[in-house]
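# Results of the structural survey
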Protein chains: 2
Amino acid sequence: MKDLEQLNQAMQAVMQAARAQVLAKMGSQLTVAEKTSRRDLVTNVDHSNEDFLVHEIRSLDPAAHILAEEGTGDQVASMQGHVWIVDPIDGTMNFVHQRNHFAMMVGLYIDGEPTLGYIYDVMAEKLYAGGPQVGVTLNGKPLKAPADLDLSEGLFGASSPLLINDRFHMQQITTISLGPRIMGSAGIQISQVLAGELVGYLSYLRPWDFAAGRVLAESLGLVVSQVDGRPVDMLSSGAVLIATKRAQSTILAIS
Amino acid sequence: MKDLEQLNQAMQAVMQAARAQVLAKMGSQLTVAEKTSRRDLVTNVDHSNEDFLVHEIRSLDPAAHILAEEGTGDQVASMQGHVWIVDPIDGTMNFVHQRNHFAMMVGLYIDGEPTLGYIYDVMAEKLYAGGPQVGVTLNGKPLKAPADLDLSEGLFGASSPLLINDRFHMQQITTISLGPRIMGSAGIQISQVLAGELVGYLSYLRPWDFAAGRVLAESLGLVVSQVDGRPVDMLSSGAVLIATKRAQSTILAIS
C-alpha cells in the first residue's frame, strides 16, 4: 500500500501546483472557444492545465493510459491496467463568466477498480483527495463520511436541463427533497455530496465529469450508479446518480 | 458625509462581530423550528444573531426604526426617517443543511432613500458593504461595478419554484441567458450579481431579502425593480429583479 500512499501524496502536490498555475493565468485575458454550442466552452487554461496534468501523470505512472477531456491523452478503449481520467477545468462556463465555482478533477482506475480521486474546488481552495485504500481527505485532513440521510432530509443537486424538462422525474425528486440546487459544475456539486451539503446529485455526465467523484464517493459509503440503478461504465456517458444509500433507494423507486 | 462614513465603518465592525458569533455557535447543536413549512426554517442562531444586530443598531442609531425578519425589531409602517432592515440569517435552509451558502444582511434607508447596505457571505468570508454616498467595498477594498452585460452574455440567478413552474417567463429568461444557477439564498445570489458572476437574479422576495442588496446594487449601477418594471416597495413582498441595465431591459421586454 506504500506505493499508493506515495502516489496519493504526489498527486495532491500536482493538484496544488496546477491550482497555482490556473490562478496565475486567471489574471490574464482568457482565450475562449465554443466546442459544440455557446454553452460548451473551452479556454486556453483548460488546454494548458490538461497538458500540465497529463505530463505530471506520465512522469508518475509512465505505463498508464490517460483519458483527458480535451484530447491531450490517449485513445482509451479499455479499463484494463492503470487508467487515469482527467478533467482540467470542470464548469468552464463558470470559470469564464464567474471566475468562480469550477473544479479540477483526476481519477485513477486500476483494472476497472476505483483507486484514487481528486476534486479541487479552486476558488474555495478545497482539495478532496484519496480513495478506498488510502482514505479520503479534505485539504489533508480526514473527511468524515456524510450521514446516510434520505432524499426528504436534504438538498438535491440538479442540472437545469433535467430540472426544466423534468427528465428522470427530476421535478418529483427535488420536490421530495428539501429543494434543488444548481451550480453548473459536476465537480462542485459532487464535492458538495461528499461534504454532506447535498444528499445527491443527478446529471447527464461524461466519464471525466464523474471519474474522480465516483472514487471519492464510494470511499465514503456513498453510491454511484446509472439513473436506473445499473452500474456506471467509465468509458461512456449517461445520466449518473451520486447519492447517499437511502436517497438512492428512494430515487430508484421513483425512476 | 463624515457621519455616514463613521456609521459605515461601525456597521462593518458589527457585521464582523456577528459573523464571529455565528461561527462559534455553529460548533454546537442547532435548535431548528419550522415557520410556515418544512422549507421555512428558523434556528436559535437566527434569533440570537437578530438580537445582536438589533441591539448594536439601536446603540449606533437610537431613534431609528428597525424591521427585522424574526420580529425582534419594531412594527414599521412607513419609510420616513431612519429605517434599518435586518435579515440575521438569509438561506436558513442552507445554514441548517449545508453549514454553507448563507448570508447576514442589513440595509439602512433614510426617508426612503437607499443609504447603506451590508451582505456578508459568512463561509466565503466576503463582506459587501457601503452605499451610494460612501461607495461599495468588498472586505474593505473598493468593488468595481460589474460590466453592463446583456442577458444573453451571462448566467442568471433563479429560484426553483419560479423556474419549475415557469413563473414570470423564467424558463425563457434562463434559456436566453447562458444558464440558470440556484443557490437557495437571496443574499448569496444578489452578492453574485454585485460581483458580476450573474447578470441578474429574479425571485419572490420579502423586504429583508433585498433591502441590503438594493442599496449595494444601485450604488454599482445595477437596477432593482419589480418584475414588471415598477419600483419596488420596501415594505411589501413580491417578485423582485436585480440585474444589469441591459439584462433588465431584455427581461422587461419578455415579461
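The numbers attached to residues start from 1 for each chain and follow its sequence in the written order. Chain letters and ligand numbers both follow the written order, the letters beginning at A and the numbers at 1. The model is predicted, so local features are restricted to residues of pLDDT at least 70 and side-chain atom pairs to those at 80 or more, both for listing and for counting; the totals for chains, interfaces and linings are taken over all residues.

## Structural notes on the interface of chain A and chain B
Counting residues at the interface gives 20 residues for chain A and 20 residues for chain B. Elements supplying a minimum of two residues to the side of chain A that touches chain B: helix H3 (92-98), helix H4 (160-164), helix H5 (170-176) and strand E11 (180-181) of chain A. Residue classes follow a fixed rule: Ala, Val, Leu, Ile, Met, Phe, Trp, Tyr, Cys and Pro count as nonpolar, while Asp, Glu, Lys and Arg count as charged, and any other residue, Gly among them, counts as polar. Looking at the side of chain A that touches chain B residue by residue, the class counts come to eight nonpolar, nine polar and three charged. Two residues qualify as a contact pair if the distance between their C-beta atoms, derived from the backbone, is within 7 Å. Numbering of helices and strands runs from the N terminus, with a helix taken as a DSSP run of H or I at least four residues long and a strand as a DSSP run of E at least two residues long.

## Regarding the nonpolar core
Tyr118(A), Ile242(A), Tyr118(B) and Ile242(B) are the most contacted members of the largest nonpolar core, which has 156 residues in total. Residues in contact with Ile242(A), not counting those within four places in the same chain, are Ile190(A), Val193(A), Gly200(A), Tyr201(A), Phe210(A), Gly213(A), Ala217(A), Leu222(A) and Val224(A). The nonpolar core criterion groups buried Ala, Val, Leu, Ile, Met, Phe, Trp, Tyr and Cys residues into a set whenever they are joined through C-beta atoms within 7 Å. Burial is judged by counting other C-beta atoms within 10 Å of a residue's own C-beta: 20 or more means buried, 12 or fewer means exposed, and anything between counts as partly exposed, with every C-beta placed from the backbone.

## Side note on the relation of the copies chain A and chain B
Mapping chain A onto chain B is achieved by rotating through 180° and translating by 0.0 Å along the same axis, at an RMSD of 0.0 Å. Both copies of the chain, as the preceding transformation shows, are related through a two-fold rotation axis. It is Ile182(A) whose C-alpha, among those of chain A, lies nearest the rotation axis, at 2.3 Å. When the interface residues of chain A are mapped onto chain B, 100% of them again lie at the interface, so the same face is used by both copies. Residues below a pLDDT of 70 in either copy are left out; the C-alpha atoms of the rest, at least 70 in both, set the least-squares superposition of the copies.

## Points about the domain arrangement of chain A
Residue and element names in this part refer to chain A. For the domains described, the bounds stem from an automatic or database domain assignment. Domain boundaries assigned for chain A yield domain 1 (2-142) and domain 2 (151-254). Domain 1 and domain 2 are separated by 20 Å when their C-alpha centres are compared. Listed per partner, the contact involves 31 residues of domain 1 and 23 residues of domain 2. If one sorts the elements of the side of domain 1 that touches domain 2 by residue count, strand E6 (residues 113-121) sits on top with seven residues. Per-class residue counts for the side of domain 1 that touches domain 2 are 18 nonpolar, eight polar and five charged.

## Digging into the sheet that holds strand E11 (residues 180-181) of chain B
All names here are of chain B. Should DSSP find at least two bridges between two strands, the strands are regarded as paired. Strand order in the open sheet formed by five strands is E11-E10-E12-E14-E13, with mixed pairing between adjacent strands. Edge strands, defined here as strands with exactly one partner in the open sheet, are E11 and strand E13 (223-226). Across four bridges, the pairing between E13 and strand E14 (residues 238-243) is antiparallel. Of the residues in E14, the one forming a bridge with valine 223 is alanine 243. All axes here are fitted lines through C-alpha atoms, helices being fitted over the stretch that makes contact, and every angle between N-to-C directions spans 0 to 180 degrees. Here helix H6 (residues 186-194) sits on the sheet and contacts strand E10 (156-157), strand E12 (200-205) and E14; the angle it forms with E12, its principal contact strand, is near 155°. Here helix H7 (residues 207-219) sits on the sheet and contacts E12, E13 and E14; the angle it forms with E14, its principal contact strand, is near 25°.

## Concerning the sheet that holds strand E14 (residues 238-243) of chain A
Pairing between the strands of a sheet is mediated by backbone hydrogen bonds and can be parallel or antiparallel. Residue and element names in this part refer to chain A. Strand order across the open sheet formed by five strands is E11-E10-E12-E14-E13, with mixed pairing between neighbours. Either end of the sheet is taken by a strand with one partner, and the two such strands are E11 and strand E13 (223-226). Contacts between helix H6 (residues 186-194) and the sheet are confined to strand E10 (156-157), strand E12 (200-205) and E14, with E12 contributing the most and set at about 155° to the helix. Helix-sheet contacts for helix H7 (residues 207-219) involve E12, E13 and E14, and the interaxial angle to E14 is about 25°.

## Considerations on the pairing of strand E8 (residues 135-138) of chain B
All names here are of chain B. Judged from the four bridges that link them, strand E7 (residues 126-131) and E8 form a sheet pairing that is antiparallel. From the neighbouring strand, glycine 131 faces E8, where its bridge partner is glycine 135. Linkage of E7 to E8, two consecutive antiparallel strands, is achieved through a turn of three residues. Hairpin connection, E8 to strand E9 (residues 141-142): the antiparallel pair is bridged by two residues, and asparagine 139 has positive phi, about 50°.

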